[in-house]
Amino acid sequence: MAAILVYSDHEKLAPELLTAARLLAGGKGTGIKAVAINNAALAQDLAGRGAETCLINDAAILAADTAAVASALCQAAEKLDAAIVLLSSDRRGKELAGRLAQKLGAGSLADVSGLKAEDGKVQCTRNTLGGATVAVQQIETDKAVIALAARSFEAAPQQAGGKVSELAVAATAPSVRLIETRSKASEAVDLQAAEVLVIVGQGVGKEDFPVAEKIAKILGGEIACSKPVATDKKWLPEDRIIGLSGKKCKPQLALIFGVSGQVQFTVGIRDASTVVAVNNDENAFMLQMADYAMVADAKEVLEELNRALG
Amino acid sequence: MEFTLSKEQLLIQKMASDFCEKSLAPLAEQIDRDNQIPAEIIAGLGELDLFGLPFKEEYGGAEAGYDCYVLAMEQLGKVSSGPAITISVNCLGLGAIDKFGTPEQKAKYMPKACRGEHLASFAFTEPGTGSDPKQITTRAVKEGDHYVINGTKRFISNADYLGPMVVFATDDESGKPTAFIVEKFCAGYSISEPWHKIGYRGGNLLDVYFKDVKVPAENVLGKVGGGFPVLTYGIAFGKVGISSVALGGILAAFEAAAKYAKEKTHRGEPIAKFQAIQLRIADLAMKYEACRWLTYRLGCLANDAKDPMLFAKEAALTKTFVCDNYVEAARIAVDVHGSYGLMNDYLVTRLYRDAILGPQVEGVADMQKMIVAGVVLNS
Amino acid sequence: MNIVVAMKQIPDLQQIRMRNRQPSLDGVPYALGLIDKNALEAGLQLKEQSGGKVILVSVGNEEVEETMKEALAAGADEAYLVLDDDLADLESSQTAVALAELIKKIDDVGVVIFGEGSGDNYSGQVGPRVAEILGLPQVGCASHIEVNGATARVTRSLENADEILEAELPMVVTVLGDINEPRIPSVTQILKAGKKPKQIFAGSDLEIGLAGRAVSTISNLAPENARKRVAVGSVDELISVLRAEGFVGR
Ligand SMILES: Cc1cc2nc3c(=O)[nH]c(=O)nc-3n(C[C@H](O)[C@H](O)[C@H](O)COP(=O)(O)OP(=O)(O)OC[C@H]3O[C@@H](n4cnc5c(N)ncnc54)[C@H](O)[C@@H]3O)c2cc1C
Ligand SMILES: Cc1cc2nc3c(=O)[nH]c(=O)nc-3n(C[C@H](O)[C@H](O)[C@H](O)COP(=O)(O)OP(=O)(O)OC[C@H]3O[C@@H](n4cnc5c(N)ncnc54)[C@H](O)[C@@H]3O)c2cc1C
């Protein structure tokens, strides 16, 4: 069977692709090759995770030039005899996927969250119909280009056996000129943009808020609250309220402490991907609305979490 | 018989709902609270040609017909009744000018109001009467090539905007009601503070005072002494708008109740599992469908109304049925919400306040039934 | 210079009902994808800036002609359509081939604009594929487009940075949903949309052999709607759950 090639210019996502490739290969001796372009550190990192890594060093290949990157990867795939290319489904990766697939004559899919080899074909799990359904789609062509959603797979751990070798490809004429790159300044609190929300209700004492806030920061998220916490107790500003009279959010993770779960609250987190609820009342409705429900004292859980994560 | 909408009809419906979602819904609570429609909403509705939707292109309208008018007004009424009523009254005034006006009157008064730069009014009600044209006390006295109007009109929508106002006054020659086109804010025209009304907030109601208002004789709308047909036929077209706004309210009540029934839980089960709630949701569905097709039909009839009395009857029965059902639907929606439905955080409180106005405006429900019975029993 | 905007007809997502977790498309009307409307708006703004016509291209079943009225109402000047019930359900690689053929029929193309992903499938593959077939430069995820004579300056908005790029025209751009606020057509524009010029082709008019599907759908189900409701006994357990879901240890 031909090799699997993995490529992402994103340092955190590339190691996830490696894990996905290993799962797909399933120990069937399929060779896995990682590619890095103009990024020796990333190549080293991937090699440290046991990957045979090819480093393409050619200043003419700009990461921003999708056509040039696609051309380089197409040549790499041919040289390495790869039939499956795994990319990251960030904005760069998705854009690259279509162009590369067209060059390779491959079927392609992006935003893929699960992979399976089935009768020599790759089956991909992904959302369709605007997120209303989860589809399993099979790539029918001999070649496949698949862009994987972030966090669908764990990063590959450190392991021996990897190495970096250089790979030369023919550069194409640049198709775009990069005038300027501006990094995005992080904005003021925007609960709706937060991927993680730590939400406190009346079951959490004010003295525990700093801990909750710290956990939110560790997880890269924001602290939010039920309505009475802000309007009655005034422990947090009103722009942190989740629910009917507050914000309706779609975080990846909502960690909810001491909220009873009235519908006026839950409409605000209905679209969260994962809900974790902690409540000391086993009959609290919030626990039924959770993916992970913990009957416990909020204060104790907050403190223990803080110790474990901090 | 076909009960499907054309692509154009669907697009007009969608256009209105897109505007609502993007621009109107975020301001709906503010409009209700402040009893005022922000100027950008009026401008936005004007850009979409919603002020003159049924009227001819040559007079500045979009010439889309009353069928499309009904579809757009339903969407606006669902989200914010104030702007919807403002358009409805504009089309009531313009409709009277369109049906009874001379080409010169139409060319002079319709285009700006079709674009929403001006807004038309229709002034019949007085402190002494709202249902009986014989009792109006506003007087028009002819002096050479013009009339001089004196009197007070009550509860007049859009009286605080520039534009034409169709005013009913008894003229001294015929001794009968005659319709005049008065330019608002001309010399002798003044208005009261807006009335603080319970619903349809934002669509302002004012009293209008005419003090020696001079109107050129060519501004008589229809015939001298011929105010009665202008009133009955004109207001029949107004009822197309009122019915559509109420229909939108029923839809809002229905959707709010169904949504709440699925979200609110008792002992871990959504209240939608209870039969008592299910029956209410079914009632709302029945009311909406019945009112919907009756109103859509009225829109189609308005496009091609031949016999004024027959059309007046259809308009009266549609308006009465739909507005009465809106009152019931709003009540049912409140019931589904329980006490939460009494809190202003929930939309149904506004719907409940809006609904109650419908049966009173553009002819009280009782008078509508008399129109219907009159036509039925006389034919 | 003409601006081409590719738009896809998709089922109106709001009206899809689930029966036993199966999406039922029976009687669900078609609509334009949301981001496709941003693509059109970007095209209209470019036209206001630098003239030319906005020409929309679409491939699909006979209904596409009706669906595209909305885009014509919103301001597109002309439509080039491939209408063929056999081409109703193409996947990205096939759509790209058909669209590229259509675009080749249009004179003086400057910018070809796509939405960054279709409303239904949202894989974002068609625009880059068309760029490759036509051999054009591409910039995806655009948050700003500006044409200056024979070149365009496009801002690609990545997760953590904006890249300002310049390319020779013609080029392909895919736009983000927040690049603009699509305008809403007026009543008059809606009523006149049906009369705008259209070039309609059948599948057999295009000199392309469409290859078979490169991707097929094995199953498509609504997710189990209830929350998992897994009981967690201790903080250690909670942390391993968070780790398994990828929230801890990154
Ligand atoms: C019109 C209207 C609009 C509303 N809008 C909103 C809104 O937008 N957002 C909103 O949040 N609410 C809203 N509400 C209020 C809502 O109905 C609830 O009253 C509110 O969400 C309850 O907040 P809570 O869960 O924090 O408090 P409570 O209902 O008091 O619940 C506290 C919970 O904490 C648990 N608990 C107590 N001690 C501990 C402990 N030591 N450890 C763990 N758990 C503990 C309890 O078992 C209980 O379940 C609205 C209400 C109305 C009438
Ligand atoms: C939001 C709103 C907008 C309005 N806009 C306008 C406008 O733009 N222009 C305008 O002219 N008016 C307008 N009005 C006024 C409205 O049209 C009148 O209030 C309405 O026609 C009823 O008149 P009335 O209040 O004087 O009631 P009345 O005529 O006093 O009726 C009161 C009750 O008496 C009974 N009744 C009266 N007469 C008879 C009869 N002959 N036979 C049997 N029963 C009878 C009916 O049961 C009725 O319910 C508006 C009102 C509202 C609330």
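Residues numbered from 1 in each chain as written. Chains lettered and ligands numbered in written order. Predicted model: local features only at pLDDT ≥ 70, side-chain atom pairs only at ≥ 80, totals over all residues. Heavy atoms only, no water.

**Section: empty space enclosed by the protein**
Filter applied, for reference: With a 1 Å grid spanning the protein atoms alone, the term cavity applies to any set of points in which a 1.4 Å probe fits but cannot get out, the term pocket to an open set with protein on both sides within 12 Å along at least five of seven lines, and the term lining residue to any residue with an atom within 4 Å of a point. Grid points are joined across faces, edges and corners, and a volume is the space filled by probe spheres set on the points. Secondary structure elements are taken from DSSP: a helix is a run of H or I of four residues or more, a strand is a run of E of two residues or more, and numbering for both begins at the N terminus. Classification used: nonpolar for Ala, Val, Leu, Ile, Met, Phe, Trp, Tyr, Cys and Pro, charged for Asp, Glu, Lys and Arg, polar for all others including Gly.
Counted according to the given criterion, the structure contains seven cavities of 30 Å³ or more. Of the pockets and cavities examined, the largest cavity occupies roughly 70 Å³. In terms of lining, the largest cavity is formed by Arg91, Lys94 and Glu95 of chain A together with Glu116, Gly124, Pro128, Gly140, Cys141 and Thr174 of chain C. Among the elements of the structure, α4 (91-104) of chain A together with β9 (138-148) of chain C are those that each provide at least two residues to the lining of the largest cavity. If you tally residues by element for the lining of the largest cavity, the top one is α4 of chain A, at three residues. Along the lines of polarity and charge, the residues of the lining of the largest cavity split into two nonpolar, three polar and four charged. As a volume, the second largest cavity reaches approximately 50 Å³. Every residue along the wall of the second largest cavity is listed here: Tyr7, Ala63, Thr66, Val69, Arg92 and Leu96 of chain A together with Arg156 of chain C.

**Notes on the site of ligand 2**
Residues and elements named next belong to chain B. Here is the rule: Neighbouring residues are identified by heavy atoms, a residue being near a molecule or strand if any of them is within 4 Å of it. Here a polar contact means two N or O atoms within 3.5 Å. Within protein one must be a hydrogen donor candidate and the other an acceptor candidate, and residues neighboring in sequence count only if both atoms are side-chain atoms. In these tables, accessible area is a Shrake-Rupley quantity obtained with a 1.4 Å probe, and a residue counts as shielded only by the protein chains included in the view. These domain boundaries are the output of an automatic or database domain assignment.
Phe122, Phe124, Thr125, Ser131 and Asp366 are the nearest of the 22 residues found near ligand 2. Between ligand 2 and Phe155, the relevant distance is 3.2 Å, taken from a nitrogen atom to a main-chain nitrogen or oxygen of the residue. Relative to its free-state accessible area of 970 Å², ligand 2 is covered by the protein chains to the extent of 67%. Of all elements in the fold, only β1 (121-123), β3 (146-157) and α10 (365-378) reach the threshold of two or more residues within the shell around ligand 2. Each residue belonging to the shell around ligand 2 can be placed in one class, and the counts come to twelve nonpolar, seven polar and three charged. Residue-level mapping places the shell around ligand 2 at the junction of two domains, with at least three residues from each of domain 2 (121-225) and domain 3 (228-377).

**With respect to the packing of helix α1 (residues 13-25) of chain A against helix α2 (residues 40-48) of chain A**
All names here are of chain A. Rules: The axes are straight lines fitted to the C-alpha atoms, using for helices just the contacting stretch, and the angles between their N-to-C directions are given from 0 to 180°. Crossing handedness follows the turn of the near helix against the far one: under a right angle anticlockwise gives a left-handed crossing, and clockwise gives a right-handed one. A contact between two residues is defined here by any heavy atoms of the two lying within 4.5 Å.
Closest axis-to-axis distance for the α1/α2 pair is 10 Å, and the angle between their directions is 35 degrees. Regarding α1 and α2, the two cross each other, and that crossing is right-handed. Here Ala14, Pro15 and Leu18 of α1 lie close against α2, whose contacting residues are Leu42, Asp45 and Leu46. Among the residues forming the contact of α1 with α2, the class breakdown is five nonpolar, no polar and one charged.

**As for the site of ligand 1**
Lining the immediate surroundings of ligand 1 are 28 residues, of which Gln202, Ser226, Ser245, Ser260 and Asp297 of chain A lie closest. Looking at what sits near ligand 1, you find residues from chains A and B. The contact in question runs from an oxygen atom of ligand 1 to an N or O atom on the backbone of Gln202 of chain A, over 2.8 Å. Between ligand 1 and the protein, one listed contact pairs an oxygen atom with a side-chain N or O atom of Ser226 of chain A at 2.5 Å. Calculation on ligand 1 without its partners gives an accessible area of 980 Å², and the protein chains cover 79% of this total. Secondary structure elements with two or more residues in the shell around ligand 1: α6 (227-231) and α7 (263-266) of chain A.

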